Amino acid sequence: MSRALLALALAAMALLPALAEADVLVVVVRHAEKATNDPRDPDLDPAGEARARALASALAGSRLDAAYATQFKRTRQTAAPAAAAAGIAVTVRPVDGGNAATYAADLARDLRALPDGSVVLVVGHSNTVPGIVAALDGRPEQAMPETEYDRFTTVRLRADGGADTVVSRY
C-alpha cells in the first residue's frame, strides 16, 4: 500500500471506531480520472481505473452499506470496485437538469435519513462534491478545480444533527 493510500485509509478509518450506533458515515469523492472517448459521458482512463481500485482498497473493511453515483459512467465506474468488494450495488442518483445545489440538498437529506450506523460512499463531480459536503456538514463549500481527482472527504453525521469532517488525499 502506498504511503498516501495508507494515510488516507487511516484518516478515514479513524472515524469508524468513534461511530456511534446512531451516526452515519459518508465518504464523498469526485469520480476518478476520465478518458477522452466520449465528450458527454466518458469512461475512466487507466489512471482513473487505478484510482477506483485504490478507493476500494482504502474502504476495505469499512462495512460499506451503500454506494451512490450519478448517471454518468465515470462516477459509476469509480464506485464500482468498492461496491463490488462490499457485495452491494451502486445506486444511481441522476443529477437532473444539472442543478448541483438541489442535488446536494436532496442527497444530504436522504443520507441523514439512512439507518443508524450506515457507512456510505458518494461519488460525484467537481461541481457537485463541494455542495454535497457543505450540505452535510453546514460549512462553506470548498471549490474543487476540474483537475482535482484526489480529494477524499469523510463526514460523520452525528445523531445530534452535527457533523465531523476530515479531508484527505488519495
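These remarks concern the structure in this document. Just so it is clear, the model here is predicted, and its values are computed rather than measured. (Residues numbered from 1 in each chain as written. Predicted model: local features only at pLDDT ≥ 70, side-chain atom pairs only at ≥ 80, totals over all residues. Heavy atoms only, no water.)

**A few points about the sheet that holds strand E3 (residues 90-92)**
Taken in spatial order, the six strands of this open sheet run E3-E2-E4-E1-E5-E6, and their pairing is mixed. Each edge of the open sheet is held by one strand with a lone partner, namely E3 and strand E6 (163-169). The sheet shows a mean angle of 20 degrees between the axes of neighbouring strands, direction not considered. Here strand E1 (residues 24-30) runs beside strand E4 (residues 119-124); their pairing, made up of six bridges, is parallel. Bridge pairing in E4 places Val-29 opposite Val-123. The strands touched by helix H5 (residues 129-137) are E1, E4, strand E5 (151-157) and E6; relative to E1, the strand with the most contacts, the crossing angle is about 160 degrees. (Pairing = 2+ DSSP bridges. Helix = DSSP H or I, 4+ residues; strand = E, 2+ residues; numbered from the N terminus. Axes fitted to C-alpha atoms, helices over the stretch in contact; angles between N-to-C directions. Contact = heavy atoms within 4.5 Å.)

**Regarding H5**
Where burial is concerned, most of H5 is hidden: eight out of the nine residues are buried. Burial in H5 covers these residues: Val-129, Pro-130, Gly-131, Ile-132, Val-133, Ala-134, Leu-136 and Asp-137. Buried residues along H5 sit in contact with E1, helix H4 (100-112), E4, E5 and E6. Positive phi shows up at Gly-138, right after H5, with a value of about 75 degrees. (Buried < 20%, exposed > 50% of the residue type's maximum accessible area, 1.4 Å probe, protein only.)

**A short note on the environment of Ala-85**
You can see Ala-85 is positioned in helix H3 (residues 73-86). Ala-85 sits 28 residues away from Ser-57 along the chain, and the two C-alpha atoms are 8.9 Å apart.

**Some words on the pairing of E1**
With seven of its seven residues buried, E1 lies for the most part within the structure. Covered by surrounding structure in E1 are Val-24, Val-26, Val-28 and Arg-30 together with Leu-25, Val-27 and Val-29, the residues of both alternating faces.

**Comments concerning the packing of H4 against H5**
The interhelical angle for the contact between H4 and H5, taken along N-to-C directions, is 45 degrees, at an axis separation of 8 Å. Accordingly, the angle class assigned to the pair H4 and H5 is oblique. As H4 packs across H5, the resulting crossing turns out to be right-handed. Of H5, the residues touching H4 (which contributes Tyr-103, Ala-104, Ala-105, Leu-107, Ala-108, Leu-111 and Arg-112) are Gly-131, Ile-132, Ala-135 and Leu-136. (Parallel < 35°, antiparallel > 145°, perpendicular 65-115°, else oblique. Left-handed = near helix turned anticlockwise from the far one by under 90°.)

**Focus on the packing of aromatic side chains**
Within this structure, the stated rule accounts for one aromatic pair. Summarising the aromatic geometry, the rings of Phe-152 and Tyr-170 are spaced 5.8 Å apart at their centres and angled 70 degrees between planes, so their arrangement reads as edge-to-face. In this pair, Phe-152 sits in strand E5 while Tyr-170 sits in the segment after E6, placing the two residues 18 residues apart along the sequence. Each of the two residues, Phe-152 as well as Tyr-170, counts as buried. Its end group placed over the ring of Tyr-170, Arg-51 keeps NZ or CZ at 5.2 Å from the ring centre. Directly above the ring of Phe-72 sits Arg-74, whose terminal nitrogen or CZ lies 5.0 Å from the centroid. (Phe/Tyr/Trp six-rings, centres within 6.5 Å; stacked < 30°, edge-to-face > 60°. Lys NZ or Arg CZ within 6 Å of the ring centre and 35° of its normal.)

**Quick notes on the nonpolar core**
In this structure, Leu-111, Val-122 and Leu-136 are the most contacted members of the largest nonpolar core, which totals 22 residues. Contributing elements (two or more residues each) for this core: E1, strand E2 (66-69), H4, E4, H5 and E5. Looking at this core element by element, the count peaks at five residues for H4. Apart from residues no more than four positions distant in its own chain, Val-122 is found in contact with Val-26, Val-27, Val-28, Val-29, Tyr-68, Leu-107, Leu-111 and Ile-132. Counting residues in hydrophobic clusters, the runner-up holds 16 residues, among them Ala-56, Ala-67, Ala-79 and Val-123. (Core = buried A, V, L, I, M, F, W, Y, C linked by side-chain atoms within 4.5 Å.)

Bear in mind that shape data such as this cannot, by itself, settle questions of function.
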